[in-house]
Amino acid sequence: MQLCELNLRGFRNYDDQHFSFDPGVNLIVGRNAQGKTNLLESIAFLGSGKSFRAQKTAEMIGFSRDFGELEGVVQSQDREQTLRWVLFPGGRPRQLWQNGVKKKSASELTGVLPTVLFCPEDLMILKSGGAARRRFADLVLCALRPNYEAALTEYGRILEQKSRILKDSAEDIRLLSILPDYNIRLCQVGALLISYRARFFEALGKEAAVFHDRFSEGSEVFSLEYKTVSTVSDPFAPVSKLTEDLNAHLEAHYRAELQSGQCLTGPHKDDFTITLSGIDLKAYGSQGQTRTAAISLKLAQSVASELARLTTLEMECLVSGSARADSINTMLQPFIADLRTPVEYGCALGGILFRPFLDAEGRIQIDAVQGDCFCPTRFDSSGRMTGAIFYDHACPL
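Attention in this report is confined to the structure presented alongside it. Note that the coordinates shown come from a computational prediction; the quantities given were computed from them, not determined experimentally.

**Focus: the pattern of salt bridges**
Enumeration according to the criterion identifies 18 salt bridges in this entry. Measuring nitrogen to oxygen at the nearest pair gives 3.5 Å for the salt bridge that ties Arg 9 to Glu 69. Of this pair, Arg 9 sits in strand S1 (residues 2-11) while Glu 69 sits in strand S3 (residues 68-76), and the two are 60 residues apart along the sequence. Of the residues examined, Glu 69 reaches a relative accessible area of 9% and is grouped as buried. Its salt-bridge partner being Arg 197, residue Asp 138 comes within 3.3 Å of it at the nearest N-O pair. Taken together, the positions of Asp 138 in helix H2 (residues 130-144) and Arg 197 in helix H4 (residues 179-215) put the pair 59 residues apart, joining distant regions of the chain. A relative accessible area of 15% places Asp 138 in the buried class.

Dropping the structure here:
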């Protein structure tokens, strides 16, 4: 992947500026307040649709400008591609184009321009509160996993609505009658977030440990531990089990939530801790140790991101050799093109099975059946599944 060219119009302090980049290392030099950080922000935004410092889109648009525009030429996925963002103030939705085709959301850019940004503020991630560390993980996961971003958005919406119910129930107790429905959905979506986060932090911790071992010359053992609600004993358990665990925790805190008028438990309180040779970094780590650990995390983020991209985006499958094979291949390719989504859900739910079938018109179709929609019934001598029962709520594409 390589960013070849970048055009900025009305973005921050850039009225109309063109940049060309070298395939190797690029060093950006300039006086203070000339736009070096703005340039880095634009590159990160181009591939993710997210800013590491702006809270509102209007903050990224130049003064007295009606809109801001970012356009880049990228060599990615074995071809040249163009990305273009148009940003508007006042709440008007932003617009995105990829190769001249308008896209609905940034999730469709997954893997095109993955970036890892390191800035001085990142050193505070390991020393500040849990919100900063959650934001760090959410930014990475949203860039890697479109389904995670969708689940995170839904969770935030349900959480906000539940908070309003708890707050307003003091004046109208009838509102509590709909609270169980919100809790059920909150647990279902929250379980999916936990499943994604557990796997991300596991990969991140392993890679960061390798880098930190080199930095410390083997004198310190880096360890990262994911922290979620106490009733979740195994964050790698199937999503259905995680849902039950979350529900148990909610029930235990039901009265406390009513009294406080706040949502007191759930993945929105998640965090992670880092220890060096068993010593808590946040509480006892020196400035040097904190800096080294933060750099290890960022380098590990880059490796984990690339591995995730390769496992879900770079797959080829072709059926050929006869007229019938060509017909099968024609029906197979759309399924392969959209494979990332069912694979992501399958990984989160503990398994996935691809089931071919004939539709009412005799055409070959394929279902991607998730782990909670089938039950294995038979295995061969090598342990491969040869039989299964499919529930009546099988999950088609």
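**Points about a nonpolar patch on the surface**
Taken together, the side chains of Phe 118, Phe 215, Ile 295 and Leu 299 define a hydrophobic patch exposed on the protein surface, amounting to about 320 Å² of accessible area. With a relative accessible area of 42%, Phe 215 lands in the partly exposed category.

**A word on the layout of surface pockets**
Empty space within the largest pocket amounts to approximately 1,400 Å³. Taken together, 48 residues form the lining of the largest pocket, with Ala 44, Thr 115, Val 116, Leu 117 and Phe 118 sitting closest to its centre. When contributions to the lining of the largest pocket are tallied by element, the ones reaching two or more residues are S1, helix H1 (36-48), H2 and helix H8 (287-313). If one sorts the elements of the lining of the largest pocket by residue count, H2 sits on top with 7 residues. Here the lining of the largest pocket is composed, by residue class, of 26 nonpolar, 13 polar and 9 charged.

Thresholds applied
Residues numbered from 1 in each chain as written. Predicted model: local features only at pLDDT ≥ 70, side-chain atom pairs only at ≥ 80, totals over all residues. Heavy atoms only, no water. Salt bridge = Lys/Arg side-chain N within 4 Å of Asp/Glu carboxyl O. Helix = DSSP H or I, 4+ residues; strand = E, 2+ residues; numbered from the N terminus. Buried < 20%, exposed > 50% of the residue type's maximum accessible area, 1.4 Å probe, protein only. Patch = residues over 30% accessible without salt bridge, like charges linked within 9 Å, V, L, I, M, F, W, Y side chains within 5 Å. Areas by Shrake-Rupley, 256 points an atom, 1.4 Å probe, with all protein chains shown as cover. 1 Å grid on protein atoms, 1.4 Å probe; cavity = no way out; pocket = protein on both sides within 12 Å on 5 of 7 lines; lining within 4 Å. Points joined across faces, edges and corners; volume = space filled by probe spheres on them. Nonpolar A, V, L, I, M, F, W, Y, C, P; charged D, E, K, R; others polar.

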